[in-house]
Every structure is written in C-alpha cells, then in structure tokens.
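Chain by chain, the residues run as shown.
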Amino acid sequence: MSASQVAEALYAAHKSRATGRLTLHAGGRESALWLREGDLVGARLGFGYQSPAQALFQTGLLGVDALDALWARGGAGAPDEELLEDSGLKPAVVHEQQVLAQVRRLSALAERADFEAEAVEAAGDFAPIAGMRVVRAALEPTPREAVPARVYRCPEVAACEPWLTDASERRLLETLGAFRQPEALTGAQQALLRVLEREGRIEALSVEDWEERERLRREEELRQAEEEAWIIEEARRREEAARLAEEARLAELARIEAARLAELARIEAERLAEEARLAEEARLAELARIEAERLAEEARLRAIEEARLAEEARLRAIEEARLAEEARLAEEARLAEEARLRAIEEARLAEEARLAEEARLAEEARLAEEARLAEEARLAEEARLAEEARLAEEARLAEEARLAEEARLAEEARQAEEARLAEEARLAEEARLAEEARLAEEARLAEEARLAEEARLAEEARLAEEARLAEEARLAEEARLAEEARLAEEARLAEEARLAEEARLAEEARLAEEARLVEEARLAEEARLAEEARLAEEARLAEEAWARATEEARLAEEARLRAEKEARIAEEIRLAEEAQLREEEARLAEEARLEEEARLRAEEEARLTEARLAEEARRAEEARLAEEAWLAEEIRLAEEARLAEEARLAEEARLAEEARLAEEARLAEEARLAEE
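Residues numbered from 1 in each chain as written. Predicted model: local features only at pLDDT ≥ 70, side-chain atom pairs only at ≥ 80, totals over all residues. Heavy atoms only, no water.

**Q** Give a description of the overall build of the protein chain that names residues and reports values.
**A** Secondary structure assignment for the protein chain yields 12 helices and 6 strands. For the protein chain, the C-alpha radius of gyration of 53 Å lies well beyond 26 Å, the compact-globule estimate for 676 residues. Projected onto its principal axes, the C-alpha coordinates of the protein chain cover approximately 200 × 70 × 30 Å. Classification of the 676 residues of the protein chain by burial places 21% in the buried group. (Helix = DSSP H or I, 4+ residues; strand = E, 2+ residues; numbered from the N terminus. Rg over C-alpha atoms; globule rule 2.2 N^0.38 Å. Buried < 20%, exposed > 50% of the residue type's maximum accessible area, 1.4 Å probe, protein only.)

Here is the structure:
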C-alpha cells in the first residue's frame with residue numbers, strides 16, 4: 001500500500017473527526033493506531049518501529065556528532081538526559097518526533113489498512129498528537145521516492161493557517177503569490193504542499209502545463225500589444241491626414257484671398273481708365289465701352305463657367321479619392337475583425353473539445369476503476385468462502401477421528417468387561433451411539449443452515465452490486481446526454497449571437513450608407529439651388545445692363561465676389577461636415593470594437609465559470625465515490641465481524657457440548673467403578 005493510500009485513510013479520519021482503530025498490515029505483521037476525533041492517542045507497533053535517535057536524526061534535531069557520541073556511550077536507541085539538555089530538547093518533543101517518524105515508516109511499509117470505529121480512551125503514557133501533524137507526516141515522501149517538478153501558487157496564506165506549524169512555512173507560502181517552482185524543499189514542506197493542494201488552498205501545476213500556460217499568456221499579451229500599436233498608428237495616420245487636409249484648406253483660402261485682392265486691384269484700375277476714356281470720348285467711347293463690356297462680360301462668364309467646371313471636377317476627384325480610401329479602410333477593418341473572430345471561435349471550439357475529451361477519459365477511468373474494485377471484491381469473497389469450507393472440512397474430519405478414537409476405547413472397555421456386565425455395556429453402547437447420531441444430525445443440519453444463509457447473503461450482495469452498477473451506468477448515461485444537450489444549446493446560442501451580431505453590423509453599415517447618400521444629395525441640391533440663383537441673378541443683371549452699363553458692371557463684379565465668397569463659405573461648411581462625419585464614423589467604429597471586446601470578455605468569463613463548476617462537480621463526485629467506498633468497506637468489515645462472532649459462539653457451544661459429554665462419561669465411569 002503506497003504512502004498516499006495510508007495518508008488518505010488518516011486524512012479521511014481527520015476530516016471526519018473519526019474515533020476508532022486503524023489497523024495496518026505488512027508481511028503478516030500488524031500495527032494499530034488509535035484515533036479519537038481525528039487525533040492520534042495511542043499506537044501498538046508490530047512493524048515500522050523507529051527509535052528516538054532515528055526520529056531526531058531524520059528531522060535534523062540530532063546531528064551526526066551527537067549521534068556518534070550517543071553511540072559511544074552505548075545509548076544509540078534513545079538520547080540520555082545529558083544529550084537532551086545539550087540539544088535543548090524536551091521529552092515531549094522527543095516523543096512526538098518519534099511517533100511521527102513511526103507514522104512515516106508505517107506509511108512506507110503498510111500493505112493494507114482497515115479502520116474500525118470504536119470507543120477509544122487515551123493511553124496514560126501516550127501524549128495525544130494533533131491529526132494535522134499525523135496527516136502531514138504520512139504524506140512526507142520517502143528518500144527514494146521520485147518527486148515530480150511542480151509549480152505552486154498560494155492566493156491566500158491566511159486560509160492555510162490550520163495546517164502551518166512554524167513561521168518558516170508561512171514565509172514559504174508568502175513567496176508563492178504567483179506560480180513558482182520552490183527550490184530545495186524538505187520532506188515536511190513537500191507534505192505541507194501536498195495536503196494544501198488536497199484541501200484546495202493552493203494551486204499546483206506540472207512544469208510542462210505551467211510553461212504552456214505562460215506561453216499562451218505571453219502570446220496574448222503580445223497580441224494585445226500589437227493591437228494597441230495598430231490602434232495608435234491608425235490614430236496617428238488619421239491625425240496626419242486631418243493635419244494635411246487642414247493645411248490644404250488654409251492654403252486654398254490664402255490663394256482665394258490673394259486672387260480676390262488682385263481682382264479688386266484690377267477692377268479699380270479698369271474703373272479709373274474707363275472714367276478717363278469716357279471723359280475723353282463721350283459718345284463714341286460710350287458705344288465702344290458698351291461693346292467692350294459686352295464682350296468682356298461674355299469672356300468673364302465663360303471663364304467663370306470654366307472655373308466652376310474645373311472646381312467641380314477637382315471636388316469630384318477629392319470625393320472619389322476619399323470614398324475609395326474609406327472603403328479600403330473599412331474593408332481592411334472588416335477582414336481583420338473577421339480573422340480575429342475566427343481565431344477566437346477556433347480557440348473556443350478547441351478548448352471545448354479538449355474539455356470534452358478530458359471528461360470522457362476521466363469517466364472511462366472511473367468506470368474501469370469501479371469494475372476493477374468489484375472484481376477484487378468478488379475474488380476476495382470467493383477466497384473467504386473457500387477458506388471457510390476448508391476449515392469446516394478439517395473440523396468434520398477431526399470430529400470423525402475423535403469419534404473413532406472414542407469407539408475404539410469403548411470397544412476395548414467392552415472386551416475387558418466380565419460377562420455379568422456384558423448386557424449393561426451393550427445397552428450403554430447403544431444409547432451412546434444413538435446420542436452421537438443425534439448430535440451428528442444436529443451438526444449437519446446447522447452446517448446446512450449456515451451454508452444456505454451464506455449463499456443467500458452472497459446472492460443479495462451480488463444483486464445489490466448489480467443494481468448499484470446499473471444505477472451508476474444510468475446516471476452516467478443521463479449525465480452524458482445532459483452534457484451533450486448543454487453543448488448543443490451553447491453552440492446554438494453562440495450561432496444565434498453570431499448571426500445577430502452580423503445582422504446588427506450589416507444594419508449599421510446600411511444606415512451609415514443611407515445617411516451618407518442623404519448628405520450627398522442634400523449638398524448636391526444646395527449646390528444646384530445656389531447655381532440656379534447665381535444664373536438667375538446674372539440673367540437679371542444682363543437684362544438691366546443696357547440701361548445702366550457702368551452701374552451694372554460694378555454690381556456684377558460685386559455679385560461675382562459675393563458668389564465666390566458664398567461658394568468659399570459653402571466649401572468650408574462642406575469640409576467641416578465631412579470631417580465631422582468622419583469623426584462620427586470613427587467614434588461608432590471604436591464603440592463597436594469596444595462592445596465586441598466586452599462581449600468576448602464576457603464569453604470568456606462564462607466559459608471559465610463553466611469549467612470551474614465542472615471541476616467542482618468532478619471533485620464532488622470523486623468525494624461521493626470515496627465516501628461510498630468507505631461505507632461499503634465498513635459494511636463489509638461489520639459483516640465479517642458478525643460472521644466471526646457467530647463462528648465463535650458456535651465453537652463455544654461445541655466445546656461446551658463436548659465438555660458435558662465428557663463429564664457424563666466420567667460420572668458413568670465413576671458409577672461403574674463404584675458398583676464394582
């Protein structure tokens with residue numbers, strides 16, 4: 001029996017605060033430990049003895065020099081008072097260390113352990129030892145035991161206080177705030193970590209699992225850093241584009257202002273020249289001026305029309321470039337988002353497949369273990385019945401030999417009798433044979449009844465075992481079907497959520513496209529109305545030009561300048577609205593990304609919660625099975641004790657009957673001798 005199995009028995013007794021006797025067997029020898037409410041209050045050793053010097057040397061309380069000195073004084077088994085005083089040790093400490101060393105030795109040597117609940121009183125010369133220390137001693141690895149490398153994490157040191165014995169152990173746990181592989185652990189420290197892991201107070205992983213988890217964590221951090229860098233770079237590009245657009249707008253405004261000033265200077269020069277020419281030539285100059293102004297107006301209108309067409313072409317090119325850039329960025333963002341969602345979905349499916357595979361393997365291992373235990377119980381029961389049959393056969397043969405010997409002695413006595421007593425001896429012999437036949441018949445009937453009772457009990461146990469296995473198989477099948485239904489429901493909900501998310505994104509894209517088209521239509525309508533108003537104003541001014549030529553030229557020039565100013569203001573308003581729309585689209589995209597990340601985090605937390613609940617259910621199932629096995633073992637032990645008690649009572653009855661028959665034979669012999 002491995003040390004972990006002995007420790008399991010002591011741990012179960014400590015947790016349930018059991019009272020009784022724990023019997024350990026090894027090589028035909030037997031040792032017993034008495035427990036009261038989980039604490040060790042007595043021991044009887046048939047093997048596994050450790051001397052006080054051995055115990056102190058194993059724990060480091062006694063050095064090699066002190067052990068040599070003790071050996072030289074002829075006291076290698078137990079330290080004397082002088083050595084205890086030099087080492088600063090008290091007899092109570094020596095007793096406790098010796099008992100704990102013996103528990104460690106028993107854990108390493110025991111092949112089988114049986115616990116029997118009974119009333120236990122503390123021995124007068126045995127100081128009770130806390131069950132916590134006994135369990136830790138049983139969990140300590142042997143020097144030859146290979147301890148695999150593991151990493152540990154202790155999230156809450158205060159919760160481990162009931163299992164700590166000194167400040168050094170607290171300091172050890174305080175160093176395990178994060179997963180770490182402790183170095184140079186003592187046996188007591190390894191036992192502490194084992195029992196805390198069993199209690200669920202610390203987390204333990206193999207080095208390979210921990211390295212794999214760390215690798216995944218580093219990859220996730222690198223991915224998040226890359227995403228943040230991409231977001232920062234994208235914001236920088238947007239800021240750079242906005243800055244360049246602002247610089248281009250300011251340059252365009254400066255150019256328009258310079259053109260306006262040049263045009264004003266030119267108009268002023270023409271006006272002065274025209275006034276001089278009019279003063280010089282009255283009527284002819286008037287006709288020539290009107291003709292010239294008409295031609296100039298036509299040229300100006302053509303130039304304005306060409307400029308307007310060029311401006312519209314430039315704006316269309318800018319708008320097409322902006323739309324192409326926005327489409328490209330939107331396509332890149334969509335592809336990146338789809339790739340990220342596919343990666344997350346693949347990781348989630350892989351994790352679910354791994355968990356399902358682990359659950360299936362655990363279930364198969366549990367069923368195999370139950371089948372093995374049932375087979376071992378059946379073989380043990382068959383061996384016990386065979387042993388009982390052999391003992392019964394030996395008892396029957398011994399009884400027949402005894403009866404044969406008695407018959408031989410009676411025959412010799414009969415031949416030695418004289419003729420006078422021949423008839424009496426014959427009658428006595430017949431009575432004795434009749435009594436023996438009656439007793440043999442009663443013994444045969446009792447043996448048949450006992451065998452029938454044992455067969456009935458075995459059949460009931462077999463039927464109960466088959467019913468239990470059938471019930472466990474039914475429950476396992478129901479659990480499997482429930483798990484499959486849960487996984488199908490989760491897949492359906494995930495698919496519905498994915499479709500709803502895609503529909504929402506499509507609806508948002510459609511609304512954004514409609515808003516953009518509406519805005520473009522509004523701007524086009526405003527431009528068309530402005531153009532129509534401008535053309536109407538120009539037509540009206542051209543109609544009035546024949547009446548007031550000079551006034552019309554001035555008013556036309558002012559109208560042109562006013563129209564250019566309005567066009568410039570409209571352009572600025574349009575650019576501002578476009579910038580506002582781009583900022584709004586960026587804000588909506590950022591909000592959508594944050595919502596998606598929040599949803600993914602919520603899904604991850606839900607998945608982790610489900611995994612934790614599944615792990616807790618698995619541990620609860622293991623605890624329930626262990627409890628059922630312990631109860632079955634107690635029932636079996638109680639049944640064996642009952643059968644042993646019945647056999648003892650039957651043996652006592654048989655011995656009493658033999659004594660009665662011997663006493664009757666003695667009295668008959670005395671009567672015969674007295675008669676002679």
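**Q** An account of the environment of Ala 241 is requested, with residue identities and associated values reported.
**A** Within the secondary structure, Ala 241 sits in helix H9 (residues 207-280). Owing to a relative accessible area of 44%, Ala 241 belongs among the partly exposed residues under this scheme. Residues Ala 241 and Glu 604 lie 363 residues apart in sequence; the distance between their C-alpha atoms is 37 Å.

**Q** With reference to specific residues and values, describe the packing of aromatic side chains.
**A** Enumeration according to the criterion identifies 0 aromatic pairs in this entry. Sitting over the face of the ring of Tyr 11, Arg 198 holds its NZ or CZ atom 5.4 Å from the ring centroid. (Phe/Tyr/Trp six-rings, centres within 6.5 Å; stacked < 30°, edge-to-face > 60°. Lys NZ or Arg CZ within 6 Å of the ring centre and 35° of its normal.)

**Q** A description of the sheet that holds strand S4 (residues 112-117) should follow, citing residues and the corresponding values.
**A** Strands sit in the order S3-S2-S1-S4 across an open sheet of 4 strands; the sheet is antiparallel. The sheet is open, and its two edges are formed by strand S3 (39-44) and S4, each paired on a single side. Geometrically, the sheet is characterised by an average inter-axis angle of 20 degrees between neighbouring strands, direction not taken into account. (Pairing = 2+ DSSP bridges. Axes fitted to C-alpha atoms, helices over the stretch in contact; angles between N-to-C directions.)

**Q** Could you give an account of helix H8 (residues 187-199), naming the residues involved and the relevant values?
**A** In an α-helix, one turn spans 3.6 residues; hence positions three or four apart end up facing the same way. The first and last C-alpha atoms of H8 sit 18 Å apart over 13 residues, in line with the 18 Å expected at 1.5 Å per residue. At the exit of H8 stands Gly 200, carrying a positive phi of roughly 80 degrees. (Expected span 1.5 Å × (residues − 1).)

**Q** Talk me through the pattern of salt bridges; I want residue IDs and the actual numbers.
**A** When the charged atoms of two side chains with opposite charge come close together, those side chains can pair. Taken as a whole and assessed by the stated rule, the structure comprises 130 salt bridges. Of the charged contacts, one joins Arg 599 and Glu 596 as a salt bridge, the two residues approaching to 2.3 Å between their closest N and O atoms. Taken together, the positions of Arg 599 and Glu 596, both in helix H12 (residues 549-675) and 3 residues apart, correspond to about one turn of that helix. A network of salt bridges, in which partner residues are shared, links Glu 233, Glu 234, Arg 236, Arg 237 and Arg 238. (Salt bridge = Lys/Arg side-chain N within 4 Å of Asp/Glu carboxyl O.)

**Q** Got a sec to walk through the pairing of strand S2 (residues 29-36)? Specific residues and values, please.
**A** Taken together, the 7 bridges between strand S1 (residues 20-26) and S2 define a ladder with antiparallel strand orientation. Bridged to Gly 20 within S2 is Leu 35. Adjacent in sequence and paired antiparallel, S1 and S2 are bridged by 2 residues, among which Gly 27 carries a positive phi angle near 60 degrees. Pairing geometry for S2 and S3, over 5 bridges, is antiparallel. Residue pairing in the sheet places Trp 34 in a bridge with Gly 42 of S3. What sits between the antiparallel neighbours S2 and S3 is a turn of 2 residues, in which Glu 37 has the positive phi angle 55 degrees.

**Q** Please give an account of the packing of helix H6 (residues 131-139) against H8 that cites residues and values.
**A** Remark: H6 packs on H8, axes separated minimally by 8 Å, with the N-to-C direction vectors making an angle of 110 degrees. Relative to H8, H6 is oriented roughly perpendicular. Residues Val 135, Arg 136 and Leu 139 of H6 form the contact with H8, whose own contacting residues are Ala 188, Ala 191, Leu 192, Arg 194, Val 195 and Arg 198. For the contact of H6 with H8, the class distribution of residues is 6 nonpolar, no polar and 3 charged. (Parallel < 35°, antiparallel > 145°, perpendicular 65-115°, else oblique. Contact = heavy atoms within 4.5 Å. Nonpolar A, V, L, I, M, F, W, Y, C, P; charged D, E, K, R; others polar.)

**Q** Would you mind going over the state of the cysteines in detail, with residue names and values included?
**A** One pass over the full model with this rule turns up 0 disulfides. Summary of cysteine pairing: Cys 154 is not part of a disulfide, and the nearest cysteine sulfur, belonging to Cys 160, is at 3.9 Å. Looking at Cys 154, the relative accessible area reads 3%, which means it is buried. (Disulfide = S-S within 2.5 Å.)

**Q** Residue-level account of the packing of helix H5 (residues 91-109) against H6, with values.
**A** Here H5 crosses H6 at 45 degrees, and the two axes come no closer than 8 Å. The angle between H5 and H6 falls in the class oblique. In the packing of H5 onto H6, the handedness of the crossing is right-handed. Taken together, the residues of H6 that come into contact with H5 (itself represented by Glu 96, Gln 97, Leu 100, Val 103, Arg 104 and Ser 107) are Arg 133, Val 134, Ala 137 and Ala 138. Here the contact of H5 with H6 is built from residues that sort into 5 nonpolar, 2 polar and 3 charged. (Left-handed = near helix turned anticlockwise from the far one by under 90°.)

**Q** Hey, could you go over the side chain of Glu 199 for me, with residue numbers and the actual values?
**A** You can see Glu 199 is positioned in helix H8. Among the polar contacts listed, one links the side chain of Glu 199 to the side chain of Tyr 11, at a separation of 2.3 Å. Residues contacting Glu 199, with those up to four places away along its chain left out, are Tyr 11, Lys 15 and Trp 163. (Polar contact = N/O pair within 3.5 Å; in protein donor to acceptor, adjacent residues only side chain to side chain.)

**Q** I'd love a proper account of the nonpolar core, names of residues and values included.
**A** Leu 10, Leu 40, Trp 163, Leu 173, Val 195 and Leu 196 are the most contacted members of the largest nonpolar core, which has 42 residues in total. Every element with two or more residues in this core is listed here: helix H1 (3-16), S1, S2, H5, H6 and H8. A total of 6 residues in this core trace back to one element, the largest contributor, which is H6. Ignoring anything within four residues of it in the chain, the contact list for Trp 163 reads Tyr 11, His 14, Met 132, Val 135, Arg 136, Glu 169, Leu 192, Val 195, Leu 196 and Glu 199. (Core = buried A, V, L, I, M, F, W, Y, C linked by side-chain atoms within 4.5 Å.)

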